[in-house]
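# Examination of the molecular architecture
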Amino acid sequence: MCETCGCGQPDNFTIRMPGEELTDDHNRDHDHEHHHEHEHDDDHKHGDRHKHHHEHEEDHPHGHSYEQSSPTPRMIDISKDILSENNLTAERNRGFFEGRSIICLNLVSAPGSGKTTILEKTINERAKEREIFVIEGDQQSMNDAERIKKTGVPVVQINTGAGCHLDARMVNSAIKRLELSRNSVLFIENVGNLVCPALFDLGETKRVVVMSVTEGEDKPEKYPYMFASSHLCIINKTDLLPYVDFNVEKAMEYARRTNPDLEIILMSAKTGEGMQLWYEWIDKNQ
Amino acid sequence: MHELSLALEVLGLVTSEAAKNRVKVIHEIQIEIGKISGVESDVFQAALEISARNSILDNARIIIINSPGKGRCMSCSEEFDMEDLLALCPNCQHQPSEITGGRELKVLSMMAE
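Structure report, in brief. (Residues numbered from 1 in each chain as written. Chains lettered and ligands numbered in written order. Predicted model: local features only at pLDDT ≥ 70, side-chain atom pairs only at ≥ 80, totals over all residues. Heavy atoms only, no water.)

## Describing the sheet that holds strand E2 (residues 61-65) of chain B
Defined as follows: In this scheme, strands are said to pair when DSSP sees at least two bridges between them. Numbered from the N terminus, helices here are DSSP runs of H or I no shorter than four residues, and strands are runs of E no shorter than two. Helix axes are fitted to C-alpha atoms over the stretch in contact, other axes to C-alpha atoms as well, and angles between N-to-C directions run from 0 to 180 degrees. Contacts are assigned to residue pairs that have any heavy atoms within 4.5 Å of one another.
An order of E2(A)-E6(B)-E1(B)-E2(B) is seen for the four strands of this open sheet, with the pairing classed as mixed. Of all the strands in the sheet, the pair left with one neighbour each is strand E2 (74-81) of chain A together with E2 of chain B. Each adjacent strand pair in this sheet contributes to an overall mean axis angle of 15°, direction not counted. Note: strand E1 (residues 26-33) of chain B against strand E6 (residues 105-112) of chain B, seven bridges, orientation antiparallel. Opposite Gln 30 of chain B, over in E6 of chain B, you have Ser 109 of chain B as the bridge partner. The sheet strands contacting helix H1 (residues 2-20) of chain B are E2 of chain A together with E1 and E6 of chain B, and the helix crosses E6 of chain B at an angle near 40°.

Written out as structure tokens, the structure is:
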């Protein structure tokens, strides 16, 4: 929760470019808007909404006192989606991408399915034809951002701290650090986790779930929410098929049971199998 | 633990609704969590109770309403209750079904003064 104002917005994530030191004033993200509606006795009149940028060092509990408050309890209808704030920010992100013809792909998977390797290969083979930008999401470390930096494309790392997923607000802050060009591709590599990221719309154009043949073929059945909310499923590391007990047909059947519209690409980022299909899929979703 | 993130979202939402409605004390809050929303009600409730400490929701009664999962078979159009996201149609055993209810995550109302 936001320690400053108790508004319930997590603000404990950090955003930095590779090589950048973590300094409090630069990277602690606390630029969300606070909407306050005060009653003032003095003649200083506010518009209903204004932004506050709080400094973290200050400890200032907001005790708002109101002149008139109802003396008896009453039922107040709220009827709002719990994720409404996230979804609103996601739609802002989406509008930003659409306005610039940017395709934004949210890559989700369990840890170790090969997302970063797929990205490296994609960048090496495609970045000459089309500008690519990357947002890396991990609980901790700059490792993935450092790997992507070596390919030469702009990358920013979000560290979620205790958080188990990226949310739209983090992405909104991260895209302010990247100077995204028109017609580019933005890859967001989400935190490796097949549960939590499923619920959080980031504003992406499409969601891509990656599983690998070293995982069980019943992953889609075990984590149906992620597969149900994705547009494309990449089954990666197919070069290892001769050595593992993984039934591709069954995996595809499980995946389509959770989501009949799910497109599937068999891939080996190592040997290059399926990469062409992946590039065609990206282009067709422009 | 996305339940904790959701609990913090609820706290933010309720804090701003309380200010909007000029209430200082919340006695009770009603929240709808669909049975096939992907959120564990018990975990969510515990997360909200912890998050509520020293906030406007401290001491408020948290009432969670679990709306049932509802589906319509994509093959025979049978409408039925879904225990989970991958429930089979009881009529023709087809899978998957179109989900028509049970994915709600909503703050419904609060009793406050």
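We are not done yet, so read on.
## Notes on the sheet that holds strand E1 (residues 14-16) of chain A
Think of a sheet as strands paired side by side through backbone hydrogen bonds, with each pair either parallel or antiparallel. Residue and element names in this part refer to chain A. The mixed open sheet is built from eight strands, whose spatial order is E1-E5-E4-E6-E3-E7-E8-E9. Each end of this open sheet is capped by a strand with a single partner; those strands are E1 and strand E9 (263-266). Across this sheet, the average inter-strand angle for adjacent strands is 20°, counted without regard to direction. Relative to strand E7 (residues 206-212), strand E3 (residues 103-109) runs parallel, the two sharing five bridges. Looking at E7, one finds that Val 108 is bridged to Val 209.

## Details of the packing of H1 of chain B against helix H2 (residues 41-52) of chain B
All names here are of chain B. What counts here: Put simply, angles under 35 degrees are roughly parallel, angles over 145 are roughly antiparallel, angles from 65 to 115 are roughly perpendicular, and the rest are oblique. Two helices crossing with the near one rotated counterclockwise from the far one by less than a right angle form a left-handed crossing, whereas a clockwise rotation gives a right-handed crossing. Under this grouping Gly is polar, as are all residues other than the nonpolar Ala, Val, Leu, Ile, Met, Phe, Trp, Tyr, Cys and Pro and the charged Asp, Glu, Lys and Arg.
Look at H1 against H2: their axes get within 8 Å of each other, and the N-to-C directions meet at 50°. Taken together, the axes of H1 and H2 are oblique relative to one another. At the point where H1 passes H2, the crossing takes the right-handed sense. Facing Glu 3, Leu 4, Leu 6, Ala 7, Leu 8, Val 10 and Leu 11 of H1, the residues of H2 in contact are Val 43, Phe 44, Ala 47, Leu 48 and Ser 51. Residues belonging to the contact of H1 with H2 are distributed by class as follows: 10 nonpolar, one polar and one charged.

## What about the nonpolar core?
Note the cut-off: What is meant by a nonpolar core is a set of buried Ala, Val, Leu, Ile, Met, Phe, Trp, Tyr and Cys residues, joined one to another through side-chain atoms within 4.5 Å. Throughout this description, buried means an accessible area under 20% of the type-specific maximum (1.4 Å probe, protein chains only), exposed means over 50%, and partly exposed covers the range between.
One finds Ile 82 of chain A together with Leu 6, Val 10, Ile 31, Phe 44, Leu 57 and Met 110 of chain B to be the most contacted residues of the largest nonpolar core, which totals 31 residues. Listed by contribution, the elements that provide at least two residues to this core are E2 of chain A together with H1, E1, H2, E2 and E6 of chain B. Residues in contact with Leu 57 of chain B, not counting those within four places in the same chain, are Leu 11, Val 14, Ile 26, Ile 29, Leu 48 and Ala 52 of chain B. Core analysis: the second largest hydrophobic core is formed by 27 residues, Val 153, Ile 234, Met 267 and Met 275 of chain A among them.

## Some remarks on the side chain of Ser 41 of chain B
Residue and element names in this part refer to chain B. Along the polypeptide, Ser 41 turns up in helix H2. Ser 41 sits in the buried class, given a relative accessible area of 14%. Excluding residues within four positions of it along the chain, Ser 41 makes contact with Ile 33, Ile 64 and Asn 66.

## Considerations on the packing of aromatic side chains
Residue and element names in this part refer to chain A. The cut-off we apply is this: Working definition: a ring pair exists when centres of Phe, Tyr or Trp rings (six-membered ring for Trp) sit within 6.5 Å. Plane angles under 30 degrees give stacked, over 60 give edge-to-face, the rest tilted.
The tally for this structure, following the rule as stated, stands at three aromatic pairs over all chains. Between the aromatic rings of Phe 96 and Phe 97, the centroid separation amounts to 6.0 Å while the plane-to-plane angle is 75°, which identifies the pairing as edge-to-face. Taking relative accessible area as the criterion, Phe 96 reaches 26% and is therefore assigned partly exposed. Ring pairing ties together the aromatic residues Phe 187, Trp 278 and Trp 281, which thus form one cluster.

## Concerning helix H5 (residues 168-175) of chain A
Test applied: Side-chain atoms alone can form a polar contact between residues adjacent in sequence; in general such a contact is a pair of N or O atoms within 3.5 Å, and within protein one must be able to donate a hydrogen while the other accepts it.
For H5 of chain A, the buried fraction is high: eight of the eight residues fall into the buried class. Residues Ala 168, Arg 169, Met 170, Val 171, Asn 172, Ser 173, Ala 174 and Ile 175 of chain A constitute the buried set of H5 of chain A. Packed against the buried residues of H5 of chain A are E1, helix H2 (84-99), strand E4 (132-138), strand E5 (155-159) and strand E6 (185-189) of chain A together with H1 of chain B. At the N-terminal end of H5 of chain A, a side-chain oxygen is found 3.1 Å from the backbone nitrogen of Arg 169 of chain A, two or three residues along, and the residue is Asp 167 of chain A.

## Some remarks on the interface of chain A and chain B
Condition: As a working definition, buried area equals the accessible area (1.4 Å probe) given up by two parts on being put together, with both sides summed. Salt bridges are identified by distance alone: a Lys or Arg side-chain nitrogen within 4 Å of an Asp or Glu carboxyl oxygen.
On the chain B side, the residues contacting the 41 residues of chain A number 41 residues. Here chain A and chain B share an interface that buries about 3,800 Å² over both sides, 63% of which is from carbon and sulfur atoms. Across the contact surface, chain A and chain B share two salt bridges. Our count for the contact surface shared by chain A and chain B stands at 14 residue pairs in polar contact (both at pLDDT 80 or more). Of all the secondary structure elements, the ones that give two or more residues to the side of chain A that touches chain B are E2, H2, helix H7 (224-228) and helix H8 (248-258) of chain A.

Treat this as a map of the structure, not an account of what it does.
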